[in-house]
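Analysis of the macromolecular model
Residue strings, one per chain:
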Amino acid sequence: MTDQHDPTLRPDTLTVAAGRPAREEQAPVNPPVVLSSTYFSTGSPDGGDLVYARLGTETWLPLEEALGTLEGSTRPGLVFGSGMGAISAALDLVPAGGEVIIPRHSYHASLVAARHLAERSQVRVSEVDIADTDQVTAAVRESAARGHEPVLWVESPTNPMLEVADLPALAEVTHAAGGLVIADNTFATPLGQRPLTLGADVVVHSVTKYLAGHSDVILGAALTDDEGLHERLRVRRSIGGAVAGPWEAWLALRGMRTLALRVQRSQQNAAALAEHLRTHPLVAAVSYPGLPDHPQHERAAAQMSGFGSILTLRPVGGVEGAEALTRALRLWLPATSLGGVESSLERRRRFAAEAPTVPEDLLRLSVGIEDVADLIADLDQALAVAAQYAE
Ligand SMILES: *Cc1c(COP(=O)(O)O)cnc(C)c1O
C-alpha cells in the first residue's frame, strides 16, 4: 500500500511518514475515509479480500501499518473500536481453565475484564505487584507448576500507581514457564518503549490516549509478531465486533502525526511539574518515574526513552482537599482519561472499581502541552484551596 517501510527511519520520523498512500501521480498524500459497510466482492474474506467492513476496511490499514512500524513489529497492528475492545480480545487468548497474572494496579477496567473471564470460564486470576520481580516470578512458576501456560499481563508504568515492571526479566521467566506476555503500552507510547522488542508477545493500546492525542476519539489496537496470535486476535475482532469506525481510524492517524512533538513537550512539562511539586509545602507525596527517588527510576531509565507524562500527587488536605483542589482548577480539566494535548487530573478512587490499595486522596495528573508556567500557577492556587482542609 505504501512505500514507507525503510527500517532505518527513526521513530519520530515514522510517526510522520508511516501509513501514507503510495507515491503515485495525482494520489492524495493522506488516506481517504471510505464510508461503506460492504464491497463488490465474490471472493473469500479469508484471503484478505475486502468483503464486509466488520471484517476489514481499507480505512484501518494505514493506521495499522503505522502502529506496527512504530512498535517495531513485523506485522501491521490490529485496530479495535476501543482500548477495551483490544484488551478483551487479548484476554480471550487465555485458554478456558488457564491462568492470568495481572498487576493489582492495572487500568481498572482491565482488572474487571480479567475477573469477568474468571467468573465465566474458570480462568484463575492472580494479582501481583508488577514492580516486584521476585513476586511475579514466583507467581509465574507456581502457575506453571499447577499445569498452566500462564499469561502474564504487564502494564508499565501502571495506571495510576506508576510502578515500572522489569519487562525483559519477566518475559524471560514467563517464556521459560511456557507462557505468554501481553503488555499494555498505553502510558509509555511506542516512542517511550517497545515491549515487543523487550520480549512481550502481544502489545495492546488505548489509542484513545496519546496516539490519537486530542481527546476526541475512542480507539484501541493490538500488535504481535506471531502469525498464530495475530490471526486469533483478528478473528476475535471480527466475531466480538468491537471494530473501529472509519472516521475514528482517520482521526487517530491524523493525531499520530504530531505524537513525537506532543510527547516531547508533555514529558518536559511533567518533569518540570514533578520537580516543582517534590519540595512543595502543600504536597504530601508526588510520584513520577523520572524522579530519582521513584523506586524503579533506574529500571525506567534503562528500558524506556523518557519517563512519560503522567504523575500522581497527594495534597496535604486529604480526600476533601483533593476534591476541593479538583473543583478549584481553572486551566487543568477536572476529567478522566489522559494523553490529550490538554492537562487534566482526577481523583481515581472516585471509581468504585479502582483498586483499594490506591490512596483515596491520590490525584492522577495527565500533563499536556501548555506552557508549564500556567500549569504550575493553576495547580499552586488549587493546592492552596486544598490546604484549607489540612488538619
Ligand atoms: C484508557 C486505558 C485503557 C482503556 O482504553 P479505552 O480506549 O478507554 O477503551 C486501557 N489501558 C490503559 C492503561 C488506559 O489508560
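Our structure's up above, just so we're on the same page.
Here the residue index of a chain counts from 1 through its sequence in written order. Thresholds applied to this predicted model are a pLDDT of at least 70 for local features of residues and 80 or more for the giving and counting of side-chain atom pairs; totals over whole chains, interfaces and linings are not thresholded and use all residues. Hydrogen atoms and water are omitted, and side-chain values are computed over all heavy atoms in the structure.

Thoughts on the overall build of the chain
The cut-off we apply is this: For the purposes of this entry, the term helix denotes a DSSP run of H or I that reaches at least four residues, the term strand denotes a run of E that reaches at least two, and both are numbered from the N terminus. Note that the radius of gyration is over C-alpha atoms, with the globule rule given as 2.2 Å times the number of residues to the power 0.38. Note on exposure labels: buried denotes an accessible area under 20% of the residue type's maximum, exposed denotes more than 50%, and partly exposed covers the range between, all computed with a 1.4 Å probe on protein chains only. In what follows, residue pairs with any heavy atoms lying within 4.5 Å of each other are defined as contacts. When charges are counted, neither His nor the chain ends are considered; positive counts come from Lys and Arg and negative counts from Asp and Glu. To locate a charge, take atom NZ for lysine, CZ for arginine, CG for aspartate or CD for glutamate.
Counting secondary structure elements, the chain contains 13 helices and 12 strands. In terms of overall dimensions, the chain is globule-like: its C-alpha atoms have a radius of gyration of 21 Å, near the 21 Å expected for 391 residues. Projected onto its principal axes, the C-alpha coordinates of the chain cover approximately 75 × 55 × 35 Å. Counting over 391 residues, the chain shows a buried share of 54%. Across the chain, every contact between residues at least 6 apart in sequence was considered, and the portion connecting residues at least 24 apart equals 70%. Looking at charge distribution, the chain has the averaged site of its 31 positive side-chain charges lying 3 Å from that of its 48 negative ones.

What to know about the site of the ligand
What counts here: Any residue with a non-hydrogen atom lying within 4 Å of a molecule or strand is treated as near it. The definition of a polar contact used here is a pair of N or O atoms within 3.5 Å, where within protein one atom must be able to donate a hydrogen and the other to accept one, and adjacent residues in sequence count solely through side-chain atom pairs. Only protein atoms enter the 1 Å grid used here, on which a cavity is any set of points holding a 1.4 Å probe that cannot leave and a pocket is any open set flanked by protein within 12 Å on both sides along at least five of seven lines; residues with an atom within 4 Å of a point are listed as lining. To be counted as sitting in a cavity or pocket, a molecule needs more than half of its atoms within 2 Å of that site's grid points.
Around the ligand lies a shell of 15 residues, among which Met84, Asp184, Ser206, Thr208 and Lys209 are the nearest. Take Gly83: an N or O atom from its main chain is 2.9 Å from an oxygen atom of the ligand. With respect to the ligand, the side chain of Ser206 contributes an N or O atom lying 2.8 Å from an oxygen atom. When each cavity is represented as a set of grid points, the ligand is found to reside in the second largest pocket. Here the element with the most residues in the shell around the ligand is helix H3 (residues 83-91); it accounts for three residues.

Quick word on the pattern of salt bridges
Let me state the cut-off plainly: For this analysis, a salt bridge means a side-chain nitrogen from Lys or Arg found within 4 Å of a carboxyl oxygen belonging to Asp or Glu.
Applying the stated criterion across every chain yields a total of 16 salt bridges. With a shortest N-O distance of 2.9 Å, Glu64 and Arg237 are connected by a salt bridge. Placement of the pair is Glu64 in helix H2 (residues 61-70) and Arg237 in helix H8 (residues 227-240), with a sequence separation of 173 residues. Residue classification places Glu64 among the buried residues on the basis of a relative accessible area of 5%. With a closest N to O distance of 2.8 Å, Glu231 and Arg234 form a salt bridge.

Remarks on empty space enclosed by the protein
Our working rule: Grid points are joined across faces, edges and corners, and a volume is the space filled by probe spheres set on the points. Just so you know the grouping, Ala, Val, Leu, Ile, Met, Phe, Trp, Tyr, Cys and Pro go in nonpolar, Asp, Glu, Lys and Arg go in charged, and all remaining residues, Gly too, go in polar.
Scanning the entire structure with this criterion turns up four cavities of 30 Å³ or more. If you add up the space inside the largest cavity, you get close to 50 Å³. Residue composition of the lining of the largest cavity, grouped by class: five nonpolar, three polar and one charged.

Some words on the sheet that holds strand S9 (residues 310-315)
Rules: Strand pairing is assigned whenever DSSP identifies at least 2 bridges connecting the two strands. Fitting a line to C-alpha atoms yields each axis, with helices limited to the stretch in contact; the angle taken between N-to-C directions then spans 0 to 180 degrees.
Sheet architecture is open: five strands sit in the order S8-S9-S12-S11-S10, paired in mixed fashion. At either end of the open sheet lies a strand with only one pairing partner, and these are strand S8 (283-287) and strand S10 (333-334). The pairing of S9 with strand S12 (residues 363-366) spans four bridges and is classified as antiparallel. Looking at the pairing, Thr312 lines up with Arg364 of S12. Docked against the sheet, helix H10 (residues 259-278) engages S8, S9 and S12, running at close to 20° with respect to S9. Sheet strands touched by helix H13 (residues 372-387): S8, S9, strand S11 (344-347) and S12. Its angle to S9, the strand with the most contacts, is close to 30°.

A closer look at the nonpolar core
Our working rule: Buried Ala, Val, Leu, Ile, Met, Phe, Trp, Tyr and Cys residues that are joined via side-chain atoms within 4.5 Å together make up what is termed a nonpolar core.
Counting residues in hydrophobic clusters, the biggest one holds 31 residues, and the most contacted among them are Leu63, Leu67, Val207, Leu219, Met256 and Leu259. Listed by contribution, the elements that provide at least two residues to this core are H2, strand S7 (220-224), helix H9 (246-256) and H10. Once residues lying within four places of it in the same chain are set aside, the contact partners of Val207 are Leu67, Ala212, Leu219, Gly220, Ala221 and Ala252. Among the nonpolar cores identified, the runner-up in size contains 26 residues, and Leu273, Val283, Ala322 and Leu363 belong to it.

Concerning the environment of Arg20
Along the chain, the position of Arg20 falls in the loop between helix H1 (11-17) and H2. Along the sequence, Arg20 and Ala66 sit 46 residues apart, while their C-alpha atoms lie 8.6 Å from each other. Polar contacts involving the side chain of Arg20 include one to the main-chain carbonyl oxygen of Val16, which spans 3.2 Å. Within the structure, the side chain of Arg20 is placed 2.9 Å from the side chain of Asn30, a separation counted as a polar contact.

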